[in-house]
Amino acid sequence: MVTGGTVGFMGLRSEPETAGVIRIGVLDNDPFALDAMCAMIAAMSRDFRIVWSTGSPAVAIEHCHNAHTRPDVLVLDMALGGITGADVCRRIRRRTSEVGVICVTSYSTDAYRDEAIKAGVQGLLAKEQLKTDIADAVRRAAVGKPTAAQASLGFHDAASAHALLSGTVPARMSDDMKDSLSAREKDILRLYAQRLTTDEIAARLGITKGSVFTYVHRAAEKFGVASRREVLEACARYDLL
Amino acid sequence: MRQIRSAVNRLIGRVGSGDDHPVIAVVCVLLAAALIAEYMARATADASSTVSVQHLVLVLVMLVGLIGGMFRPRWFLWAALVAGEMLMLAMPMITPLAVIITCTGFLAYLDTWSGAIATGMLLISTTFGVEPGSGRLLVATLQNLAFYCFPLLTGLLLHMMRQRDHDSYLLRRRQEREDTARSLHDTISNDLAYLILRIDHAETNGMPNSEHEYRRQLRELRDAADRAMIHTHAVIDSLEEHSEQQSQSSQPSEPRSTTTLPLEPAVDHAAVQQAELQSLIDDEEAKLESLGFTGDNLLGELRHPLSPGMMRLLTGLLTELYTNIAKHADPSEWYAVSISFDAEEIRISVSDTIAEHDGKLGLGSGLARYRTIIEKAGGSFTIHTEQRHWQLDATIPNKL
């Protein structure tokens, strides 16, 4: 029995693997939608095995990283209560190319497409068309590739998306990035890189903690990342400070 | 009036009575004075009927009762009451009537049963005056009933109000203590735990590669200890602030200050809170990294600002969760934390792998406290452990 927030373990890697079985994990914060999606996907083909389903993004990410519970394909909803499916996918894709990711949405696919592509998703499907599209998409995603239709819209395969996100692309991007950080933002990030705390930085520069947050937040938006650590990583990678 | 009251208070203070009822004391003094005055006036006007030994004795007893009522109202006011009633029967005067009414009221204020008995006595004594058998008995009784219940009810009402004030004061005191304990735990206790973990980590890693690395590690340890020191001072400050503002209801100020931001009306409050939460998560993430953890932290988009109470709860809970990860999770495995904001609730979810030799299963006292708070507020807090996987799902209704 799976409900939002809890995980049902229905098949761990320790079981003998039947050839051709595709292990699938499902993430949706709406418990009814989660049940419905699991049922539908499992019914699509005998090769499809749902190994876990959850309503929690944290659980899904952790399971994708853990070798025991890692699925071949992750199917997730784009809207997860304030956290986007793209964000979840990006965090997974940054670290590994071994999990194919398919996103579904009940809203317009156009609105989310760019974000999904950048996050390294292999396909974005509309919920109304799930029955027709999902089987093919899952099979292709299990080998890390988008379907032909999705590829034509711009979706990458898992391996190249992973390469893009983990920063092995050479510093051609740094020229664009270098000028986009303001002097103040660079100062603050440099101080963070020297491991000062937020209080110390605010005191040293004579500004409020709120202003320090705002600068970091703006820098994060420029890089398209969320956390301070990612900003510092990006700065280190492109040698911006 | 105030001078009289302060003079009386000083007198009472010196005599040292158990209860502090300045109002009762003042009224007793006034009534005693009025009694003497009226009796004197009556005596000079109509000597024969007034001045008799019996009346004099009763007046004296009343005076004794009133004076004594300034110090030990519970006992002496009875004397004044009884003597007053007897005097009223013999010789109706204004002051004794006032005396017995106010005495009944005060007795009701001090103690419910005393008030009831006093009112009963008052009602019975009024029936003495009327001749039995006359139709007026019923009317007179009813009139008196209505009239004399007035002091009883007033006294009872004031008694209840005082009780409630006292109760709410006790509750507030306890609340403040709990808040202080919580802020102590969340900040200093957590800081020291982190420090210990860092030292353990450094010990397992052995000698650092270079002197630079060595200095860096020392500096980080020093920073962590410094933070604990700052938090200690902040908590001490907030405690001292409490003892000065005991009579007012003040919000305990949190050492991990979430209110240092100036409230500019132009700034989007929700965005500011989001940035604060993100910064907190970043700090915690960096701390976990220095302990060898790798993981993901997702913060959802906050559309509507949270109340200060909710922000405090959220930041406290997050700090506790990260400390929990640092203490019990396996650094070689992944961890993930996600926080999302729905229209009506906040959902927090943590997923990690328990360290191999970790003895502590279940909740530590820190998380247990948050479970109580959240469940009391109508939210949910479930922990799910399976083999070595640890998972927490908490929902907090967004109405705090």
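Cut-offs used in this document
Residues numbered from 1 in each chain as written. Chains lettered and ligands numbered in written order. Predicted model: local features only at pLDDT ≥ 70, side-chain atom pairs only at ≥ 80, totals over all residues. Heavy atoms only, no water. Helix = DSSP H or I, 4+ residues; strand = E, 2+ residues; numbered from the N terminus. Buried < 20%, exposed > 50% of the residue type's maximum accessible area, 1.4 Å probe, protein only. Contact = heavy atoms within 4.5 Å. Areas by Shrake-Rupley, 256 points an atom, 1.4 Å probe, with all protein chains shown as cover. Buried area = accessible area lost by both parts, 1.4 Å probe. Polar contact = N/O pair within 3.5 Å; in protein donor to acceptor, adjacent residues only side chain to side chain. Patch = residues over 30% accessible without salt bridge, like charges linked within 9 Å, V, L, I, M, F, W, Y side chains within 5 Å. Salt bridge = Lys/Arg side-chain N within 4 Å of Asp/Glu carboxyl O. pLDDT = per-residue confidence, 0-100. Axes fitted to C-alpha atoms, helices over the stretch in contact; angles between N-to-C directions. Parallel < 35°, antiparallel > 145°, perpendicular 65-115°, else oblique. Left-handed = near helix turned anticlockwise from the far one by under 90°. Nonpolar A, V, L, I, M, F, W, Y, C, P; charged D, E, K, R; others polar.

Under the annotation held in an unreviewed UniProt entry, chain B carries the name histidine kinase and is attributed to Bifidobacterium olomucense.

The name an unreviewed UniProt entry gives chain A is DNA-binding response regulator, with Bifidobacterium olomucense as the organism.

Check the secondary structure of chain A and you find 12 helices and seven strands. For chain A, with 241 residues in total, the buried portion stands at 54%. Contacts in chain A between residues far apart in sequence, at least 24 positions, make up 66% of those at least 6 positions apart. Looking at chain A as shown, the accessible area adds up to about 10,500 Å², and 52% of this sits on carbon and sulfur atoms.

Facing the 45 residues of chain B at the interface are 37 residues of chain A. Interface of chain B and chain A: buried area, both sides summed, is about 3,200 Å²; carbon and sulfur atoms make up 51% of it. Looking only at chain B, the three residues that lose the most surface to chain A are B:Asp296, B:Leu298 and B:Trp334, adding up to 18% of its buried area. At the junction of chain B and chain A, the tally comes to 12 residue pairs in polar contact (both at pLDDT 80 or more). For the side of chain B that touches chain A, the secondary structure elements donating two or more residues are α9 (211–244), α10 (269–290), β1 (294–299), β2 (334–341), β3 (345–353), β4 (380–386) and β5 (389–397) of chain B. Considering each element in turn, the side of chain B that touches chain A owes the most residues, eight residues, to α10(B).

What follows is about a nonpolar patch on the surface. Residues and elements named next belong to chain B. Residues Leu157, Leu158, Met160 and Met161 make up a contiguous nonpolar surface patch of about 400 Å² in total accessible area. Residue position: leucine 158 is located in helix α8 (residues 136–205). Residue leucine 158 is classed as partly exposed on the basis of its relative accessible area of 42%.

Residues and elements named next belong to chain A. Mean pLDDT over chain A stands at 80; residues scoring 70 or higher make up 84%. Overall, residues 1–9 carries pLDDT values under 50, and its contacts beyond four positions in sequence, including any with other chains, amount to 29 contacts. Counted against residues more than four places away or in other chains, residues 11–17, with its pLDDT under 50, gives 13 contacts.

With that settled, the discussion passes to the packing of helix α2 (residues 57–65) of chain A against helix α3 (residues 85–95) of chain A. All names here are of chain A. Running from amino to carboxyl end, α2 crosses α3 at an angle of 15 degrees, the nearest separation of the two axes being 10 Å. Comparing their axes, α3 and α2 come out roughly parallel. Between α2 and α3 lies a crossing whose hand is right-handed. Side by side, α2 and α3 meet where Pro57, Ile61, Cys64 and His65 of the first sit next to Val88, Arg91, Ile92 and Arg95 of the second. Grouping the amino acids of the contact of α2 with α3 by side-chain chemistry returns five nonpolar, one polar and two charged.

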